[in-house]
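# Residue-level structural notes
The chain contents come next:
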Amino acid sequence: RLACAVPAPENRTMIEQVAELKDGSGLPIVLGGPAGLSGRIKLSVADWDGDGKWDIVFGCQQALQRFFRAPGRTAPCAAPFWMRNVGSNSNPAFELPQMITFRDGSPIRVGSHNFNVYPTDLNRDGKLDILFGDDEGFIYHLSRSRLAWTEPTQKDQEMKRERFAPRKKHRYRSGEVVFSEDWNYPTGSITPKMDGGKGWKNGWKAYGDIAEVSGNPLPLMDGKYAKIAGGKKGTARLERTLAIPLDFSPDKETVFELSLSFNRQDNSNNGGTEVVTILELATAEGAPLCAVETTSGEALVLKLGSKVLASKDAAVAFDGAYALTARLVLRPEDQMDTWSVELIPADPKAKPIKMQVEAEVDGLAGELNQRIMKYAGSVAFDSLKMETK
């Protein structure tokens, strides 16, 4: 969430308070998320539209844009944006980000990880132009006369209202299915039209070089399954919204059991890019509430809120087929929750891994994510199911 630091009047190097910035409707401004998708926004303060109020101009890598732009509206690469101040200088409020493009609406394409933009008047005409750099060390200049910065944001507004809409508490009954998916779709690319299963609000969203339904035989894969691979373009990800967000502070203790199988096919040892998120439940803003992952060091990791527990044995290859069962015990507010996982390899010579972590977690899990980092091979996910016990 975007915030600003307010210095103390008597000492400009001391921070008096940190104030969260809001949009015009009073909602927080979210420009990033978890799993390395934070701290990468390059911010500048400037009166971009010349109305006498300070606006925000920022550069954003492509992967972060999904947190404030509706599906299908992300730029093809890192891009510059601006947020118009519709409040005042002392009490600012901002419109949703609008992309800065060429005058014909085409994006400013850069082959870099970030778009480090800085607004300044280089030709001394009294109007702001932009400077920006790339990963290779080059610095570019575009005059204002070549730019456009007004675009409709209705779809982005609808997405944001939906994410921050008040949620009613749901009391689960024993045996009730929270969500399930058996991937019984035609083989081919995964699309939002794949909206089967139970407990979902919409269809699947897929990102990455490879995101497809396949039926080719694999160990532990019974029938069709989802396969993702990041390749050279970045992380591959599957994402879906729960019809009823899972409340991590229920009125009474509630136990959930989850099961799925996965098959990891490693390509080579790539150092720090071996991360696979087998399953993650996150808030609508993208903050993880619980997850099970493999690390770049080939360890198994459980996450429960801010608590992270890694397996002591980091020698597991995670190259092959595994059956995963998990148990999530959620308790009322101010009590410790429990997240326990057992991972059973298909290889009878390999030992199962059992882990458990406890932490006090609060929040609504509205999104399910599965991902694999670039260069880390591919991973196939069989049917998954979570139900109340």
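In this text, all values refer to a predicted model and were calculated from it rather than measured experimentally.

What follows concerns the pattern of salt bridges. Tallying each qualifying case throughout the model produces 18 salt bridges. The residue Lys22 makes a salt bridge to Glu20 at a minimum N-O spacing of 2.9 Å. On the accessibility criterion, Glu20 (35% relative accessible area) is partly exposed. One salt bridge in this structure joins Arg237 and Glu239, with 3.5 Å as the shortest N-O distance. In the salt-bridge network here, residues are joined through shared partners; they are Arg66, Lys205, Arg237 and Glu239.

Structurally, Ser340 can be placed in strand E24 (residues 337-345). With residues near it in sequence (within four places) discarded, Ser340 still touches Thr325, Ala326, Arg327, Met355 and Gln356.

Among the nonpolar cores identified, the biggest contains 53 residues, and Phe179, Leu246, Phe248 and Leu328 are the most heavily contacted of them. Phe179 has contacts with Lys198, Gly199, Trp200, Leu242, Leu258, Leu281, Leu368, Leu384, Lys385 and Met386, leaving out every residue within four places of it along the chain. Grouped together as the second largest cluster of nonpolar side chains are 17 residues, Cys77, Ala78, Val110 and Leu147 included.

Time to look at the confidence of the model for the chain. Close inspection of predicted coordinates is inappropriate in any region flagged by low pLDDT. Scored by pLDDT, the chain has a mean of 87; 92% of the residues are at 70 or more. Across the chain, strand E7 (residues 101-102) holds the top mean pLDDT of 96, while strand E2 (residues 11-20) sits lowest at 78.

Calculation criteria
- Residues numbered from 1 in each chain as written.
- Predicted model: local features only at pLDDT ≥ 70, side-chain atom pairs only at ≥ 80, totals over all residues.
- Heavy atoms only, no water.
- Salt bridge = Lys/Arg side-chain N within 4 Å of Asp/Glu carboxyl O.
- Buried < 20%, exposed > 50% of the residue type's maximum accessible area, 1.4 Å probe, protein only.
- Helix = DSSP H or I, 4+ residues; strand = E, 2+ residues; numbered from the N terminus.
- Contact = heavy atoms within 4.5 Å.
- Core = buried A, V, L, I, M, F, W, Y, C linked by side-chain atoms within 4.5 Å.
- pLDDT = per-residue confidence, 0-100.

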